[in-house]
Amino acid sequence: AAFDQAGASYALAEYPVTRRVLNLRQPVIVRADDPQANPSEVALLNQNGYASVLLLPLVSGEHTFGLVELYRRADEPAFSEADVQLAQSLSAQAGVALDNARLHTAERVQRIQAETLRDIGMALTAELDPDAVLDLLLDHVARVTPYDSATVMRLEDGRARAWRTRGYEKFG
């Protein structure tokens with residue numbers, strides 16, 4: 001099958017037309033019956049029963065971060081210039097939307113981290129018991145920097161001694 005499974009990948013070095021679409025940020029149509037087409041691209045089309053593929057870059061601003069591949073079988077009409085323009089317009093909108101989603105996610109993560117750091121600071125300064133402070137520290141650190149296990153060490157006479165630990169019980 002073609003790359004019909006999320007997570008499937010291939011080396012761009014093996015598909016120079018695909019690489020060119022990404023580098024030049026311009027759509028390209030590859031036809032299986034084109035003697036000038038790259039043999040790797042044609043083999044992929046023939047292997048999966050396709051007559052052509054329209055390759056479109058996913059772009060936002062100066063950043064190219066993906067590719068849209070639209071396949072057609074021989075019994076379907078060839079991609080027209082109108083098809084290319086419409087698909088290019090839609091992929092450009094999708095590129096902006098995906099970049100906005102990435103930026104939104106990054107901003108949300110930063111906001112959560114800032115709120116957590118503020119909460120940690122308030123909780124730590126309100127607590128007077130040193131052991132409780134360390135327990136709070138380990139609780140709150142896990143919110144911004146997840147960990148499997150953690151140790152707070154105390155320096156005593158040139159030695160580091162475990163003061164508080166978390167998560168080691170699962171290791172036996």
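How each quantity is defined
- Residues numbered from 1 in each chain as written.
- Predicted model: local features only at pLDDT ≥ 70, side-chain atom pairs only at ≥ 80, totals over all residues.
- Heavy atoms only, no water.
- Salt bridge = Lys/Arg side-chain N within 4 Å of Asp/Glu carboxyl O.
- Helix = DSSP H or I, 4+ residues; strand = E, 2+ residues; numbered from the N terminus.
- Buried < 20%, exposed > 50% of the residue type's maximum accessible area, 1.4 Å probe, protein only.
- pLDDT = per-residue confidence, 0-100.
- Phe/Tyr/Trp six-rings, centres within 6.5 Å; stacked < 30°, edge-to-face > 60°.
- Lys NZ or Arg CZ within 6 Å of the ring centre and 35° of its normal.
- Arc of directions from axis to C-beta.
- Contact = heavy atoms within 4.5 Å.

Visitor: Is there a simple way to think about the pattern of salt bridges in this case?
Guide: Between side chains of opposite charge, a pair can form as their charged atoms come close. Considering all chains together, one arrives at 11 salt bridges under this definition. Linking Asp135 and Arg164 is a salt bridge whose minimum nitrogen-to-oxygen distance equals 2.8 Å. Of this pair, Asp135 sits in helix H4 (residues 130–144) while Arg164 sits in strand S5 (residues 159–166); the two residues are 29 residues apart in sequence, bridging distant segments of the chain. Classification of Asp135 by relative accessible area gives partly exposed; the value is 24%. By relative accessible area, which is 24% here, Arg164 ends up partly exposed. Taken together, the shared-partner salt bridges in this structure form one network comprising Asp131, Asp135, Asp139, Arg164 and Arg166.

Visitor: I would appreciate a short explanation of the confidence of the model for the protein in the present structure.
Guide: Detailed reading of the predicted coordinates is not advisable wherever pLDDT falls low. Per-residue pLDDT for the protein has a mean of 86; in total, 97% of the residues score no lower than 70. When mean pLDDT is compared element by element in the protein, strand S1 (residues 28–31) scores highest at 93, while H4 scores lowest at 84.

Visitor: For this particular structure, what's the right way to read the packing of aromatic side chains?
Guide: One pass over the full model with this rule turns up one aromatic pair. Geometry around Trp163 places Arg154 over its ring, the cationic atom sitting 3.7 Å from the centre.

Visitor: Can you walk me through unusual backbone geometry in this structure?
Guide: Positive phi outside glycine occurs at Arg25, with the angle close to 60 degrees. On the basis of relative accessibility, which here comes to 26%, the residue Arg25 falls in the partly exposed class.

Visitor: Even after reading the chapter, I still don't get helix H1 (residues 16–24), so can you show me in this structure?
Guide: The periodicity of an α-helix, 3.6 residues per turn, causes residues three or four places apart in sequence to face the same way. Along H1, the residues classified as buried are Val17, Thr18, Val21 and Leu22. The arc that holds the buried residues of H1, viewed along the axis, is 140 degrees, so those residues lie on one side. Residues of H1 that are exposed and point over 90 degrees away from its buried face: Asn23 and Leu24. Considering only its buried residues, H1 is in contact with S1, helix H2 (39–47), strand S2 (52–60) and strand S3 (63–72). The first or second residue beyond H1 is Arg25, which carries a positive phi of 60 degrees.

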